[in-house]
Amino acid sequence: MKKLILISTIISTLTLNLFADDIGELNAPDRIYDNIREGKSSLMSGQKEEEVRNEYQGNPDLKKLQSIMADRSINRCATKVIRKFKFELGLSSERDVELAILGLRLYDSLDDVSASILMKANDLSNTVAGPITKNELSSDEEDEALSIYKDKSDEIQNKSLCLEDTYRDLVGKLASKSPKFFRNLKHINKLARNNGYISDDEFKMLEVFRIKKVHEWPVTLNSYAQSLDSLAKRFNTRTKEKSNLITQTKFRQKYSMRMELYNKFDSTQIILLANIVKGLKTRLESKDVKIIINYDDRPAETIELTPMEKFRFILKLLRKEMADLNNSTLLEGKNATYLDLITAAYEVGYIGAAEIEQLASLQEIWNPTKTPKEKAMFWVKTFGGVASVLLPPPFGFVSVMAIMLIDQQIKDAPVNRDPDFNLF
């Protein structure tokens, strides 16, 4: 009987353990911001990286920070995350919070995009509103502005929502109603507080958002997470890769290539850009390109393009597709560049890190002191002739990417121009 009870106990324990494993799997950490694409961070110099490493290498606080970033109840809201960092780890200064953010980035629990958003939220801490209030509104205009505030007041007071996203939506509604509302935002904020639509604390926070221009942030944690979620579901076979090229700033850009991509485009638009490169690669790998001429009174005539003619045709087709996309409404007026194409294709996995790094190694292409003509001559010297077209991937594709980059420096990505032109 004792043996039977013991066996029953063991079975029950195993069952509970299996159930616990299932629960753990179902509640797996939400590691949406883990770095699976970026190499060296653009947010840290070598000296700063060493400072961060000294602070967080082997530090158990890193686990606490990772746990906070995996908390789905707050990790779509940068201000909530920063507040939690301070509370859980007792961080009192902006510098300490910055080191915590960079610690997560150093060990790939954040990428540069999410880390930069958190650093902006950290920068909101010590903002003090000025005393001057501008007012150009009539009483009717004030009432109209307050009606928008009244509609949003429940959302502003809802602690389960993210205040910076609510604020951005509020400012967007006010600005679309009247440009004067945007210019007199501080006055409207005061009216809303005086009329009981927001509390004193909410007024202070909204004023911080106004002064720090949170409405101008190109992306928030929430919108970025939505894009990451969408791409993860669509491209669920991607493996972790690292590229330093996409975290560097090129051609006097303010942001790195990957930051620029997510600042400008959502997941659907990124896929549109990536698909252009997917088509380009497929065509480059094709056996041949033929022109078929049909006649009424005799058999069709087939003209097979030479490898170099095929190469030029594919390149012209790329330019045409870029022009068509930029001239359409699909990108909502945002202009896509060839750098965006390359970054989008790498982001979804159509281009591998090896191809990106092969492109990065062409220092002559990136050298700002070289003229486009000098870069073109470098391309001819490096890739020119039929031999380069016949090379197996990625080399044939890398040569096309090099042309794309030279083309971008000659003019902006094609918009409202004839895409049928010769680069050289």
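In what follows, the structure referred to is the one given above.
Residues numbered from 1 in each chain as written. Predicted model: local features only at pLDDT ≥ 70, side-chain atom pairs only at ≥ 80, totals over all residues. Heavy atoms only, no water.

(A) Molecular detail of the overall build of the protein. Summing up its helical and strand segments, the protein has 21 helices and two strands in all. When burial is assessed residue by residue, the protein has 44% of its 424 residues classed as buried. For the protein, long-range pairs separated by at least 24 residues make up 75% of all intrachain contacts whose partners lie at least 6 apart in sequence. Total accessible area computed for the protein in this model is approximately 22,300 Å², and 52% of it derives from carbon and sulfur atoms. (Helix = DSSP H or I, 4+ residues; strand = E, 2+ residues; numbered from the N terminus. Buried < 20%, exposed > 50% of the residue type's maximum accessible area, 1.4 Å probe, protein only. Contact = heavy atoms within 4.5 Å. Areas by Shrake-Rupley, 256 points an atom, 1.4 Å probe, with all protein chains shown as cover.)

(B) Geometry of helix α7 (residues 139-157). Taking 1.5 Å per residue as the helical rise, α7 with its 19 residues ought to reach 27 Å, and the 26 Å between its terminal C-alpha atoms agrees with that figure. Taken as a whole, α7 carries its principal kink of about 40° at D151. The set of residues buried in α7 consists of E142, A145, L146, I148, Y149, K152, S153 and I156. In the core, the buried residues of α7 are packed alongside α8 (163-177), α9 (179-183), α10 (185-194) and α11 (200-211). (Expected span 1.5 Å × (residues − 1). Bend = angle between axes of the 7 residues up to and from the residue.)

(C) Examining the pattern of salt bridges more closely. What the rule picks out here adds up to 32 salt bridges. Here E332 makes a salt bridge to K334, at a shortest N to O gap of 3.6 Å. Since its relative accessible area comes to 26%, K334 is described here as partly exposed. (Salt bridge = Lys/Arg side-chain N within 4 Å of Asp/Glu carboxyl O.)

(D) Spatial organisation of the packing of aromatic side chains. Here the structure, examined in full by the defined rule, presents four aromatic pairs. Taking 4.9 Å as the distance between ring centres and 85° as the angle between the ring planes, the aromatic pair formed by Y224 and Y262 counts as edge-to-face. Highlighted residues: Y224 in helix α12 (residues 221-234) and Y262 in helix α13 (residues 257-264), separated in sequence by 38 residues. Residues F235 and Y350 carry aromatic rings whose centres are separated by 5.8 Å and whose planes lie at 85° to one another, so their mutual orientation is edge-to-face. Taken together, the positions of F235 in the loop between α12 and α13 and Y350 in the loop between α16 (338-348) and α17 (353-360) put the pair 115 residues apart, joining distant regions of the chain. Within the aromatic cluster, the residues linked to one another by ring pairs are Y33, Y224 and Y262. Between R193 and the ring centre of F203, over which it is positioned, the NZ or CZ distance is 4.2 Å. (Phe/Tyr/Trp six-rings, centres within 6.5 Å; stacked < 30°, edge-to-face > 60°. Lys NZ or Arg CZ within 6 Å of the ring centre and 35° of its normal.)

(E) Representation of α8 in the model. For α8, with 15 residues, the first-to-last C-alpha span of 21 Å sits near the 21 Å given by 1.5 Å per residue. Among all positions of α8, only L163, E164, T166, Y167, L170, V171 and L174 are buried. End-on, the buried residues of α8 take up no more than an arc of 155°, which puts them together on one face. In this structure, the buried residues of α8 make contact with α4 (78-89), α7, α9, α10 and α11. (Arc of directions from axis to C-beta.)

(F) Structural detail: the side chain of R37. Take R37: it is sitting in the loop between α1 (2-26) and α2 (46-56). The buried charged residue R37 lacks any salt bridge, with E241 as its nearest oppositely charged partner at 4.1 Å. Among the polar contacts listed, one links the side chain of R37 to the backbone oxygen of E347, at a separation of 3.4 Å. Contacts of R37, omitting those with residues within four sequence positions, involve R238, T239, K240, E241, K242, S243, I246, R258, Y346, E347, V348 and G349. (Lys, Arg positive; Asp, Glu negative; His and termini not counted. Polar contact = N/O pair within 3.5 Å; in protein donor to acceptor, adjacent residues only side chain to side chain.)

(G) Spotlight on the packing of α13 against α16. Axis separation between α13 and α16 bottoms out at 9 Å; the angle between their running directions is 95°. With respect to α16, the axis of α13 lies roughly perpendicular. Here α13 contributes M257, R258, E260, L261, Y262 and K264 to the contact with α16, which in turn contributes L339, D340, T343, A344 and E347. Of the residues in the contact of α13 with α16, the class split is five nonpolar, one polar and five charged. (Axes fitted to C-alpha atoms, helices over the stretch in contact; angles between N-to-C directions. Parallel < 35°, antiparallel > 145°, perpendicular 65-115°, else oblique. Nonpolar A, V, L, I, M, F, W, Y, C, P; charged D, E, K, R; others polar.)

(H) How the structure looks around the state of the cysteines. Evaluated as defined, the whole model comprises one disulfide. Two residues share a disulfide in this structure: C77 and C162, whose sulfurs sit 2.2 Å from each other. Its torsion about the S-S bond being 80°, the disulfide of C77 and C162 is classed as right-handed. Highlighted residues: C77 in the loop between α3 (61-69) and α4 and C162 in the loop between α7 and α8, separated in sequence by 85 residues. The pair formed by C77 and C162 is uniform in burial state, with each residue classed as buried. (Disulfide = S-S within 2.5 Å.)

(I) Layout of the side chain of D30. As for its placement among the helices and strands, D30 is situated in the loop between α1 and α2. When neighbours within four sequence positions are excluded, D30 is seen to be in contact with M69, A70, R72, N75 and R76.

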